[in-house]
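Here is what each chain is made of, one letter per residue.
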Amino acid sequence: MDYVIVGTAGHVDHGKTELVKALTGINTDRLKEERERGISIELGFAPLQFSNGQRVGLVDVPGHEKFIKQMLAGVGGMDLVMLVVAADEGVMPQTQEHLDIIDLLQIKKGIIVITKSDLVDADWLELVREEVREAVRGTVLEEAPMIAVSALTGHGIPELKSLLQEMVAKTPPKSLAGKVRLPIDRVFSITGFGTVVTGTLWSGKVKLGETLQILPEGLQTRVRSLQVHGQQVEEALAGQRVAINLAGIEVSEIARGSVVVSPGALFPSHRIDAELHLLQHATELENRDRVRVHVGTSEVLGRVVLLDREKLQPGETAFVQLQLENVLVSAKGDRFVIRSYSPMHTIGGGVIIEPKAERHKRFNRQVLDMLATKLQGTPEELILEALNAGEPAFLTREALAEKTNLPLPSVDETAEALKAAQKVTEIAAEGSCWLAARLRYEDIVEQVRQMLGEYHQRHPLRPGLPKEELRSRKFSQWGAKLFNALLQTWTETGFLRVDGNYIALQSFTPTPDEAEQRLLSQIERHFLDNKFQPAEWSELTGRLKLNEETAGELLRYLLWKGILYKINEELYFHRVALEEAKDLIASYIKEHGSVQLGEVRDLLNSSRKYVLPLLEYFDQIKFTKRVQDKRILF
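Here the structure is a predicted model, which means the values were calculated and not measured.

1. Quick look at the packing of helix α17 (residues 575–592) against helix α18 (residues 597–604)
Step number 1: For the pair α17 and α18, interaxial distance at closest approach is 10 Å and the crossing angle is 130°. Between α17 and α18, the angle is such that the two are oblique. When the axes of α17 and α18 are compared, the crossing they make is right-handed. Here Ala581, Leu584, Ile585 and Tyr588 of α17 come into contact with α18, specifically with Glu599, Val600, Leu603 and Leu604.
Step number 2: Classifying every residue of the contact of α17 with α18 gives seven nonpolar, no polar and one charged.

If you want it as structure tokens, here you go:
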């Protein structure tokens, strides 16, 4: 399995590139300037194959202080690091800075390689070993094995290869189940092929022909061809060094720092919540100090907002919000490094807690507790925190996996345990399901109950609150599918009743009071007494001296009960009159084959003013059908 990336780190001219060449036979300094100056400027890459057939990707990073940005672009995807220290010089400034970066990024697997051992005697070599051991004390490399080699003579190279093979075999593969994420560290063009990007695939699988997205640019692209270790492949796996030939993308449109992802996997953000550790040998950091933020292959300028203090002292750790000048693409759990704005030195780093954060008030205990839970919480705590934070209140398991940075199987297992403990509620419908924190769900149910209760009290004659009004007032951002699933659940449990386009509490029945009942009886009596020549609604309500609001409520009730039917904007017929008219017209047509307007007028003993809209209504409900100036049954 070619899934492990091994990188170098160390001071300039300490023999990193020569070491890679001794291990692989490849000179990773490909630029003319690099070969002329004898130093690495850009990242170098070479495959290394072991005797057992295992292949790894070697990343050679520049050691000069001017090229720390390039070094950071290469170190992010490393699984194992070789900290290189030249025997004739020992620990130097960039040795320390590279070690700081390794520690901040928590690259816990490593080997300390003492190069140029042929240039010193045994006593000096031992002094260098002691110096290096002192330098790595308290870091992730404190227990790392150490080996002395000479790229010139070959001394120690076989032993180093053997040690690498042993450590690589113990390195677990990256997850292939996640979505594609490849931070770009190099962009170039090949004649006849177009734009090619390279990088270490952090997660997922890339397949030939797959549609991908480039962030933060928001570009859509397709995988035209794929290479791993210089070999054409149809699929690349997480942990491999990958070159992707992108369709429809110009070299000028993207750069190092862009990220290739599955569509919708990540989102650019100007604001990130994080836990930040300031290095012991850094100077104090004040609130809103300007820094350079490095995540993956990206570098973005921004300011550090200290959420619980005015100054961060060397060696201290605190919750911060990084407010960025340009968008950054990151994920929860990413490690990052910050460097001072000017002069540029690595001063700290940490872990991203929320990659797309809201602006927070400083010195807010609730905010600090929330960040602590997100950072250190158990899966149960992380899921409950995600369900209780912001909108929407309901999340799918896939959305929870993204928000909590937990694997989907872990979310499934934890969700079942939380359901059993009655800490979460599940809403399921049409093959989809959502989870909500139980107390929050019960609060939403109570809000809906109060909303409907108040509506019923204000409008006792209405069948209920219009469905769309409830959705717009309470569920506008949650999607129609979830809204319908909630209505289905609440109907099945007897909480609500859905009546067409209206929603009511199950216990509610529209009931007129005594005064309203008297008015309704008068109105109904008028329509029954004047079956085929009823007064227009506005005329009738004028006679009864009803205000517009009362008239509207009574009319809505009569229509909902099916007592009156709307013929046009002002004309209504009683249901008894409609049925009688239909019987008369149907009998006439069956006997004569058709009926004309005048004949209907005589049948109903009415006038054209009422009969014409009535016939048009019958046409509309497909009781009759007009043929020229006659009607037949539909």
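2. A closer look at the environment of leucine 307
Step number 1: Of note, leucine 307 is situated in the loop between β20 (298–306) and β21 (311–312).
Step number 2: Counting along the chain gives 53 residues from leucine 307 to histidine 360, while the straight-line C-alpha distance between them is 8.0 Å.
Step number 3: Those residues within four positions of leucine 307 in sequence are excluded, and the remaining contacts are Phe319, Val320, Gln321, His360, Arg362, Phe363, Leu368 and Leu371.

3. Brief notes about the environment of valine 329
Step number 1: Residue position: valine 329 is located in strand β22 (residues 317–329).
Step number 2: With 232 residues separating them along the chain, valine 329 and lysine 561 place their C-alpha atoms 57 Å apart.
Step number 3: Ignoring anything within four residues of it in the chain, the contact list for valine 329 reads Arg181, Leu215, Pro216, Val259, Leu266, Phe267, Pro268 and Val295.

4. A look at the environment of lysine 545
Step number 1: Looking at where lysine 545 falls in the secondary structure, it is placed in the loop between α15 (537–543) and α16 (548–560).
Step number 2: Using a relative accessible area of 76% as the deciding quantity, one classes lysine 545 as exposed.
Step number 3: With 16 residues separating them along the chain, lysine 545 and aspartate 529 place their C-alpha atoms 20 Å apart.

5. Here's the deal with the side chain of serine 203
Step number 1: In this fold, serine 203 is placed in the loop between β9 (194–200) and β10 (205–207).
Step number 2: Among the polar contacts listed, one links the side chain of serine 203 to the backbone oxygen of lysine 179, at a separation of 2.7 Å.
Step number 3: With residues up to four places along the chain from it excluded, the contact list for serine 203 reads Ser175, Lys179, Val180, Arg181 and Ala238.

6. Let's talk about the sheet that holds β22
Step number 1: In space, the six strands of this closed barrel follow the order β17-β22-β20-β19-β23-β24, with antiparallel pairing throughout. The average angle at which neighbouring strand axes cross in this sheet is 40°, direction not considered.
Step number 2: Inspection of the sheet shows strand β19 (residues 289–295) paired to β20 by seven bridges, in the antiparallel sense. The partner of arginine 290 across the bridge, within β20, is arginine 303.
Step number 3: Across the sheet, helix α4 (residues 93–104) touches β17 (268–278), β23 (335–340) and β24 (346–354), and the angle it forms with β24 is around 15°.
Step number 4: On top of the sheet, helix α7 (residues 365–376) reaches β17, β22 and β24; it is set at about 90° to β24, its chief contact.

7. Describing the nonpolar core
Step number 1: If you look at the biggest cluster of nonpolar residues, it comprises 53 residues, and the most contacted ones within it are Ile114 and Leu141.
Step number 2: The element that contributes the greatest number of residues to this core is β22, accounting for five residues.
Step number 3: With residues near it in sequence (within four places) discarded, leucine 141 still touches Val81, Leu83, Leu99, Ile102, Ile107, Gly110, Ile112, Arg133 and Val136.
Step number 4: Met451, Trp490, Ala504 and Phe508 belong to the second largest nonpolar core, which has 29 residues in total.

8. A short note on the pattern of salt bridges
Step number 1: For the structure on display, the rule yields 31 salt bridges.
Step number 2: Between glutamate 354 and lysine 374 there is a salt bridge whose closest N-O contact spans 3.0 Å. Taken as a pair, glutamate 354 in strand β24 and lysine 374 in helix α7 lie far apart in primary sequence, 20 residues in all.
Step number 3: A relative accessible area of 17% means that glutamate 354 is categorised as buried.
Step number 4: Notably, a salt bridge pairs arginine 397 with glutamate 426, separated by 2.8 Å at the nearest N-O pair. Highlighted residues: arginine 397 in helix α9 (residues 397–404) and glutamate 426 in strand β25 (residues 424–429), separated in sequence by 29 residues.
Step number 5: The buried category is assigned to arginine 397, whose relative accessible area is 10%.
Step number 6: What you see here is one network of salt bridges that share partners, running through Arg397, Asp412, Glu416, Lys419 and Glu426.

9. Points about the pairing of β25
Step number 1: Note that β25 and strand β26 (residues 432–437) share six bridges and pair antiparallel. Residue valine 424 lies in a different strand from β26, and its bridge partner there is alanine 437.
Step number 2: Adjacent in sequence and paired antiparallel, β25 and β26 are bridged by two residues, among which glutamate 430 carries a positive phi angle near 50°.

So, how was this worked out
- Every chain is numbered on its own, with residues counted from 1 as its sequence reads.
- Reporting in this predicted model follows two pLDDT cut-offs: at least 70 for local features of residues, and 80 or more for side-chain atom pairs to be given and counted; totals over whole chains, interfaces and linings ignore these cut-offs and use all residues.
- Excluding hydrogens and water, the side-chain figures rest on all heavy atoms present in the structure.
- Every axis corresponds to a line fitted to the C-alpha atoms, with the helix fit spanning only the stretch in contact, and the corresponding angles, defined between N-to-C directions, vary from 0 to 180 degrees.
- Helix and strand definitions here come from DSSP, where helices need a minimum of 4 consecutive H or I residues and strands a minimum of 2 consecutive E residues; each element is numbered from the N-terminal end.
- Orientation labels follow simple angle bins: below 35 degrees gives roughly parallel, above 145 gives roughly antiparallel, 65 to 115 gives roughly perpendicular, and whatever is left gives oblique.
- By definition, any crossing whose near helix is turned counterclockwise from its far helix by less than a right angle is left-handed, and any crossing with a clockwise turn is right-handed.
- The contact definition used throughout considers only heavy atoms, calling two residues in contact when any of these lie within 4.5 Å.
- Following the grouping adopted for this structure description, the nonpolar residues are Ala, Val, Leu, Ile, Met, Phe, Trp, Tyr, Cys and Pro, the charged ones are Asp, Glu, Lys and Arg, and the polar ones are all others, Gly among them.
- When accessible area is computed with a 1.4 Å probe and restricted to protein chains, residues below 20% of their type maximum are described as buried, those above 50% as exposed, and intermediate ones as partly exposed.
- Distance and chemistry together define a polar contact, namely a pair of N or O atoms within 3.5 Å, with one atom able to donate a hydrogen and the other to accept it when in protein, and with adjacent residues in sequence counting only for side-chain atoms on both sides.
- Any two strands with at least two DSSP-identified bridges between them are counted as paired.
- To form a nonpolar core, buried Ala, Val, Leu, Ile, Met, Phe, Trp, Tyr and Cys residues must be joined to one another through side-chain atoms within 4.5 Å.
- The working definition used for a salt bridge is a side-chain nitrogen of Lys or Arg within 4 Å of a carboxyl oxygen of Asp or Glu.

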